[in-house]
Amino acid sequence: MSGHGGTIAPPLGLLAELTHRCPLACPYCSNPLELEARTTELDTKTWSRVMREAAQMGVLQIHLSGGEPASRRDLEEITRVAHDSGLYTNLITSAVGVNAARMQALANAGLDHVQISIQDSVPKEADRVAGYEGGYRQKVALAHEATRLGLRLTINAVIHKHNIGRVAEMVALAVSLGAQRVEIAHVQYYGWALKNRAALMPSRADAEAAVAKIEALRREYQGRIVIDAVTPDYYARLPKACMGGWGRRSLNVTPSGRVLPCHAAETIPGLEFWSVRDHPLGEIWERSPAFTAFRGTSWMKEPCASCIHRERDFGGCRCQAFAMTGDARVADPVCHLSPDHGRVAELAATDGEQAFAYRGR
Amino acid sequence: MSEAIKITPESKPMLPRGVRLTENPQQGWVLVAPERVFKADGIASVILKRCDGSVTIGQMADEFAAAYNAPRDRILSDIISLLQTLADKRLLDVAP
């Protein structure tokens, strides 16, 4: 049940979207369709305060993300403040525009972990999806640099119909780059990805083949690289526990300082988000209307309210429920118990050739 | 390309950069790693605190057997089991 009155456990992680600026234009970008402008971004001092408040409230990990976080010249300083506050710092980068000197400066600032996105194992295809010529080459170079500096490295590959046949090649690429961990994440269809759904959605047969392939790759690479997979949930029977439950594990701060339960939460109309400009982070986590709206289980309707899985998956994803049904309080239609479940297969089948709508272009 | 690590009594385990044992009032002892947080309660934190690359697992077992007045064989297998799990997740290195 949603607790009120100071008994709410603190989040473990904070995703800091330092900026929405990015040289790449991936058609599945998790940033909102309405990108926040540079002029609205929080300054260094405010981000530093957010880092300190996060550490005080019990947050363990800071994910420095964007857009491309290195688009901000104060990334090193923010990293240093986070590190000095005792936080574990994770850089989520496209690698484009991050040279060896910058990587060294970030390592000196106390960076713990680097996560580099790749769009494909085939350079030309990777650059086409990113909408950026020469990006692949820069990613490979930065991965080598991170490894050379002794930083832990994750390679993050987003999977869709154009690269789903090359899961094995992408894992092999991650191993050759010295990564200890690779994320094989099927596109999650919100925002830009929703707009590009027909251009990205793999077939059920391809999605199932990829899931089986990942199982085989885990056995093949046992002890050499960890493969974490985000499942293709349009083809699932049970929904994912999105974010580990709304307002339970993590929070997201946008470039302008609004605090969200997840990066897509602004797609749900009527939610009231508070800003770090106006409130301390701890107060936002415990009391802001957007966080209390779907925290716990008391907001649920049937079939969720009496479901034995309600504390496991928390009704699935609120943003997906809204995107598919127009009501954020119903069960995620990915769930086979949802009366709207039939719609999911229908939406997944809206196949056909569609050109990419590139992010921000 | 790295090979899988096999943990033995002669291994000198060490937490690599990017895998940290930390304590805070809200969570207690936790091992913080890339996109992961593991509770490190009781004996786990005691073991992980010794993983600095200077001590073999055999030496740790000697030490803990004396300190906790417990059977060494059992302690040794517990340490190896914990550290092999972490090594398989690429969260542990061994010193040369």
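Everything quoted here is computed from the prediction, not taken from an experiment. (Residues numbered from 1 in each chain as written. Chains lettered and ligands numbered in written order. Predicted model: local features only at pLDDT ≥ 70, side-chain atom pairs only at ≥ 80, totals over all residues. Heavy atoms only, no water.)

(A) Quick look at the overall build of chain A. Scanning chain A from terminus to terminus reveals 14 helices and nine strands. Taking the principal axes of the C-alpha coordinates as reference, chain A spans close to 55 × 50 × 40 Å. The buried share among the 361 residues of chain A stands at 58%. Considering only intrachain contacts with a sequence separation of at least 6, the fraction spanning at least 24 residues in chain A is 74%. Once the 41 positive and 39 negative side-chain charges of chain A are each reduced to a mean point, those two points are 1 Å apart. (Helix = DSSP H or I, 4+ residues; strand = E, 2+ residues; numbered from the N terminus. Buried < 20%, exposed > 50% of the residue type's maximum accessible area, 1.4 Å probe, protein only. Contact = heavy atoms within 4.5 Å. Lys, Arg positive; Asp, Glu negative; His and termini not counted. Charge placed at Lys NZ, Arg CZ, Asp CG, Glu CD.)

(B) The overall build of chain B, seen in detail. The helix and strand tally for chain B stands at three helices and five strands. By the compact-globule yardstick of 12 Å for 96 residues, chain B fits well, its C-alpha radius of gyration being 13 Å. Dimensions of chain B, computed from the C-alpha atoms along their principal axes, are close to 40 × 35 × 20 Å. Counting the 96 residues in chain B, one finds 45% classified as buried. Pairs at least 24 residues apart make up 56% of the contacts formed inside chain B by residues separated by at least 6 positions. As displayed, chain B offers around 5000 Å² of accessible surface, 53% of which is attributable to carbon and sulfur atoms. Averaging the locations of the 12 positively and 12 negatively charged side chains of chain B gives two centres separated by 4 Å. (Rg over C-alpha atoms; globule rule 2.2 N^0.38 Å. Areas by Shrake-Rupley, 256 points an atom, 1.4 Å probe, with all protein chains shown as cover.)

(C) Spotlight on the interface of chain A and chain B. With 37 residues of chain A at the interface, the matching set in chain B holds 28 residues. Summed over both partners, the interface of chain A with chain B buries about 2400 Å², with 48% contributed by carbon and sulfur atoms. Summed over the three residues of chain A that lose the most area to chain B, namely Leu-60, Arg-152 and Arg-224 of chain A, the buried surface amounts to 28% of that side. When the shortest N-O distance is used, the salt bridge between Asp-93 of chain B and Arg-152 of chain A registers 3.4 Å. (Buried area = accessible area lost by both parts, 1.4 Å probe. Salt bridge = Lys/Arg side-chain N within 4 Å of Asp/Glu carboxyl O.)

(D) Inspection of helix α2 (residues 57-68) of chain B at higher detail. Residue and element names in this part refer to chain B. The end-to-end C-alpha distance of α2 is 16 Å, a good match for the 16 Å that twelve residues give at a rise of 1.5 Å each. All of the buried residues in α2 are Ile-57, Gly-58, Met-60, Ala-61, Phe-64 and Ala-65. Taken around the axis of α2, the buried residues stretch over an arc of 155°, which confines them to a single face. Opposite the packed face of α2, turned more than 90 degrees from it, sit the exposed residues Ala-66 and Ala-67. After α2 finishes, the residue Asn-69 shows a positive phi value of roughly 50°. (Expected span 1.5 Å × (residues − 1). Arc of directions from axis to C-beta.)

(E) Structural detail: the sheet that holds strand β4 (residues 113-118) of chain A. Residue and element names in this part refer to chain A. Spatially, nine strands are ordered β7-β6-β5-β4-β3-β2-β1-β8-β9 in an open sheet, and the strand pairing comes out mixed. The open sheet has two edge strands with one neighbour each: β7 (226-230) and β9 (259-260). As paired strands, β4 and strand β5 (residues 152-159) are joined by six bridges and run parallel to one another. The residue of β5 that forms the bridge with Val-114 is Leu-153. (Pairing = 2+ DSSP bridges.)

(F) Main features of the confidence of the model for chain B. When the pLDDT values of chain B are averaged, the result is 93; 98% of them are 70 or greater. Taken together, the chains of this predicted complex give a pTM of 0.94 and an interface ipTM of 0.92. (pLDDT = per-residue confidence, 0-100.)

(G) Just the pairing of strand β3 (residues 28-33) of chain B, in detail. Residues and elements named next belong to chain B. Here five bridges tie strand β2 (residues 20-24) to β3, and the two strands are oriented antiparallel to one another. Opposite Arg-20, over in β3, you have Val-32 as the bridge partner. Here β2 folds back onto β3, and the loop between the two strands holds three residues. Counted along the chain from β3 to the antiparallel partner strand β4 (residues 36-39), the turn is two residues long, and its residue Glu-35 has a positive phi close to 55°.

(H) Representation of the pattern of salt bridges within the structure. Applying the stated criterion across every chain yields a total of 25 salt bridges over all chains. Between Arg-166 of chain A and Asp-120 of chain A there is a salt bridge; the shortest N-O distance is 2.7 Å. Taken together, the positions of Arg-166 of chain A in the loop between β5 and α6 (167-176) and Asp-120 of chain A in the loop between β4 and α4 (123-130) put the pair 46 residues apart, joining distant regions of the chain. Using a relative accessible area of 0% as the deciding quantity, one classes Asp-120 of chain A as buried. For Arg-74 of chain B, the salt bridge goes to Asp-78 of chain B, with nearest N and O atoms at 3.7 Å. On the criterion of helical spacing, the pair formed by Arg-74 of chain B and Asp-78 of chain B is a turn pair, its members being four residues apart in helix α3 (residues 72-88). For Arg-74 of chain B, a relative accessible area of 54% gives the class exposed. In the salt-bridge network here, residues are joined through shared partners; they are Arg-21, Glu-41, Arg-72 and Asp-74 of chain A.

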